[in-house]
Amino acid sequence: MLGIILASYFMVLLDNSVIFTGLPSIRSGLELSPAALSWVQDAYTLVFGGLLLLASRAGDIVGRRRLFRIGLAIFGTASLLIGLAPAGWWMIAARAVQGIGAAIVAPTSLALITTYFDGEARNKAIAWYAATAGIGASLGLLVGGALTEWISWRAAFLVNVPIAVAVIAWSRTVLVETPRRTGRFDVIGAVGATLGMGAVIFGIIESPETGWGSARVQIALALGAVLLIGLVVHEGRVQQPILPLRLFRSRERSGAYTARLLYLGAMIGFFYFTTQLLQDGVGFSPLQAGLGFLPMTLVNFVVALMVPRLSNETLLATGTALTLAGMAWLSRIDTLDTYLVDVALPMILVGAGQGLAFGPLTNAGIAGVDSADAGAASGLVNTAHQLGMALGLGVLVALSANTGSNLDGPAAVTDHVGTALTGGTVLLVVALVVVLTVIVPAARHRGSGSALHRPAA
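The rules we used
Residues numbered from 1 in each chain as written. Predicted model: local features only at pLDDT ≥ 70, side-chain atom pairs only at ≥ 80, totals over all residues. Heavy atoms only, no water. Patch = residues over 30% accessible without salt bridge, like charges linked within 9 Å, V, L, I, M, F, W, Y side chains within 5 Å. Areas by Shrake-Rupley, 256 points an atom, 1.4 Å probe, with all protein chains shown as cover. Salt bridge = Lys/Arg side-chain N within 4 Å of Asp/Glu carboxyl O. Helix = DSSP H or I, 4+ residues; strand = E, 2+ residues; numbered from the N terminus. Buried < 20%, exposed > 50% of the residue type's maximum accessible area, 1.4 Å probe, protein only. Contact = heavy atoms within 4.5 Å. Expected span 1.5 Å × (residues − 1). Axes fitted to C-alpha atoms, helices over the stretch in contact; angles between N-to-C directions. Left-handed = near helix turned anticlockwise from the far one by under 90°. Nonpolar A, V, L, I, M, F, W, Y, C, P; charged D, E, K, R; others polar. pLDDT = per-residue confidence, 0-100. Phe/Tyr/Trp six-rings, centres within 6.5 Å; stacked < 30°, edge-to-face > 60°.

A.B. asks: Quick one: what's the story with a nonpolar patch on the surface, residue by residue and with numbers?
C.D. replies: A cluster of nonpolar residues, Trp329, Leu340, Val341, Leu345 and Ile348, forms a patch on the protein surface that exposes about 420 Å² of accessible area. With four residues, the top contributor of residues to the nonpolar patch is helix 14 (residues 339-365). Positionally, valine 341 belongs in helix 14. Of the residues examined, valine 341 reaches a relative accessible area of 40% and is grouped as partly exposed.

Below, the structure written as structure tokens:
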């Protein structure tokens with residue numbers, strides 16, 4: 001069961017990172033304008049983030065195994081269409097369809113862990129899930145760079161097709177269907193959650209291009225805020241809500257959603273801007289840039305697997321602090337610096353921090369939830385994940401937009417990247433404050449010992 005769950009989640013995360021090293025080749029291969037190129041990623045992010053709450057709650061109602069397989073089929077089919085894309089519009093449309101599949105697979109995979117595993121087994125499963133999250137993100141850069149350089153950017157997407165087919169076939173023999181919930185589907189809540197999240201993410205991803213003060217961005221953000229406020233009011237009245245407000249009664253879970261949003265906002269900036277640093281600043285090829293992330297990937301993998309064996313009362317705080325230290329160190333990069341000392345060593349800190357933090361942070365987001373709410377809680381974890389990446393990237397791109405403009409070559413790149421990573425450092429500072437003042441005290445109150453990794457009663 002765990003192999004199926006992790007394979008599907010890894011496929012989604014791999015695809016999310018492959019795009020970074022492949023964008024230059026996609027731009028030239030399909031002759032895309034800068035605006036069209038941005039929508040190759042934005043179309044995926046918009047649909048993925050907008051549909052998460054709807055897709056995650058649907059699994060509670062129609063059965064998670066069934067929905068899981070549907071999501072895999074959609075994702076695999078969209079990957080095939082992307083790999084065969086003859087033009088930019090086809091590529092963007094297929095990426096949007098791929099976002100639908102990802103919105104189903106990502107929260108459903110975490111909900112399946114909550115359903116099938118209990119106690120210490122769940123702790124270990126979530127540790128593997130967290131390790132997959134970190135490794136998939138960084139290994140995707142290596143896989144994307146290798147396939148783009150040796151074969152084609154199309155191969156980086158076509159590789160998803162056999163994975164999806166294999167996991168669908170595998171799931172038929174291993175996974176059993178979860179019980180369906182009877183009752184009416186919350187249509188108003190589904191529409192409000194999808195349109196509200198979609199409007200907010202649209203405003204965020206448009207902000208680097210048009211500015212935060214543009215009418216398009218402000219209208220989208222205002223509309224999203226109104227829809228989400230209306231969603232909260234509606235969900236407090238309906239009998240079977242798509243977003244049960246009781247999930248926020250736990251300070252531990254609420255803090256976990258907030259910290260995850262901030263943490264992922266910083267991490268997307270790390271991957272996005274460090275990739276630029278390695279290719280445009282240091283002069284690495286796409287493959288070399290992917291290999292450049294290996295110090296982080298290897299440390300992340302080893303540390304994440306050690307998490308269940310460690311005393312983790314302050315594990316989340318330690319991991320966040322290490323990530324903060326690595327990000328702050330990397331943000332001081334200069335053109336005269338060397339890769340080994342000034343890039344690889346900070347990456348080791350970031351990788352260790354992510355390996356320590358992701359497991360406890362994920363577990364805190366689903367701590368104490370009933371099986372009936374597992375999909376909704378998993379959806380909130382992934383919504384915070386996606387919203388954090390969209391918001392973080394929008395803010396950091398806007399923050400660094402005008403830096404380095406008076407410089408040339410690598411000096412301009414390092415100045416630009418340094419400013420963005422400084423912004424990511426600030427996000428991690430706030431995340432650490434939330435961890436120390438909200439999550440850790442709430443977890444200690446909930447129980448003694450390794451509270452962050454033991455499901456609450």
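Still more ground to cover, so stick around.
A.B. asks: How would you sum up the environment of glycine 365? Please name residues and give values.
C.D. replies: As for its placement among the helices and strands, glycine 365 is situated in helix 14. Accessibility expressed as a relative area gives 1% for glycine 365, which makes it buried. C-alpha of glycine 365 to C-alpha of serine 254: the two residues are 111 residues apart in sequence and 7.4 Å apart in space.

A.B. asks: Explain the environment of isoleucine 92 to me, and be specific about the residues and the numbers.
C.D. replies: By secondary structure assignment, the location of isoleucine 92 is in helix 4 (residues 88-116). Sequence separation between isoleucine 92 and leucine 37 is 55 residues; the distance between their C-alpha atoms is 8.6 Å. When sequence neighbours within four positions are dropped, the list of residues in contact with isoleucine 92 reads Ala36, Trp39, Val40 and Ala43.

A.B. asks: Hey, could you go over helix 13 (residues 315-330) for me, with residue numbers and the actual values?
C.D. replies: Along its 16 residues, helix 13 runs 23 Å from first to last C-alpha, staying within 8% of the 22 Å computed at 1.5 Å per residue. Of all the residues in helix 13, the buried ones are Leu315, Leu316, Ala317, Gly319, Thr320, Thr323, Leu324, Gly326, Met327 and Leu330.

A.B. asks: Describe in detail the packing of helix 10 (residues 251-281) against helix 13, supporting the description with residues and values.
C.D. replies: The contact between helix 10 and helix 13 brings their axes to 12 Å, and the two run at 35 degrees. Both helix 10 and helix 13 take part in a crossing whose hand is left-handed. On the side of helix 10, the interface is formed by Tyr263, Ala266, Met267, Phe270 and Thr274, while helix 13 contributes Thr320, Thr323, Met327 and Leu330. Here the contact of helix 10 with helix 13 is composed, by residue class, of six nonpolar, three polar and no charged.

A.B. asks: Account for the confidence of the model for the protein chain, naming residues and giving values.
C.D. replies: In this model, the protein chain carries an average pLDDT of 79, and 86% of its residues clear a pLDDT of 70 or more. Segment residues 449-457 is flagged for pLDDT under 50; beyond a separation of four residues in sequence, or across chains, it makes 35 contacts in the model.

A.B. asks: Explain helix 10 to me, using residue names and the numbers behind them.
C.D. replies: A rise of 1.5 Å per residue sets the reference length of helix 10, with its 31 residues, at 45 Å; its end C-alpha atoms lie 43 Å apart and thus fit the reference within 8%. Counting buried positions over the 31 residues of helix 10 gives 24, a clear majority of the element. Positive phi shows up at glycine 283, right after helix 10, with a value of about 95 degrees.

A.B. asks: Which residues make up the packing of aromatic side chains, and what values do they have?
C.D. replies: Tallied over the full model, the rule gives eight aromatic pairs. Measuring from ring centre to ring centre gives 5.9 Å for tryptophan 89 and tryptophan 90, while their planes differ by 55 degrees; the resulting arrangement is tilted. The class of tryptophan 89 is exposed, set by a relative accessible area of 61%. Between phenylalanine 248 and tyrosine 257 the ring centres are 5.9 Å apart and the planes differ by 75 degrees, which places this aromatic pair in the edge-to-face class. Classification of tyrosine 257 as buried rests on a relative accessible area of 7%. Each residue in the set Phe270, Phe271 and Phe293 is aromatic and connected to the rest through ring pairs, giving one cluster.

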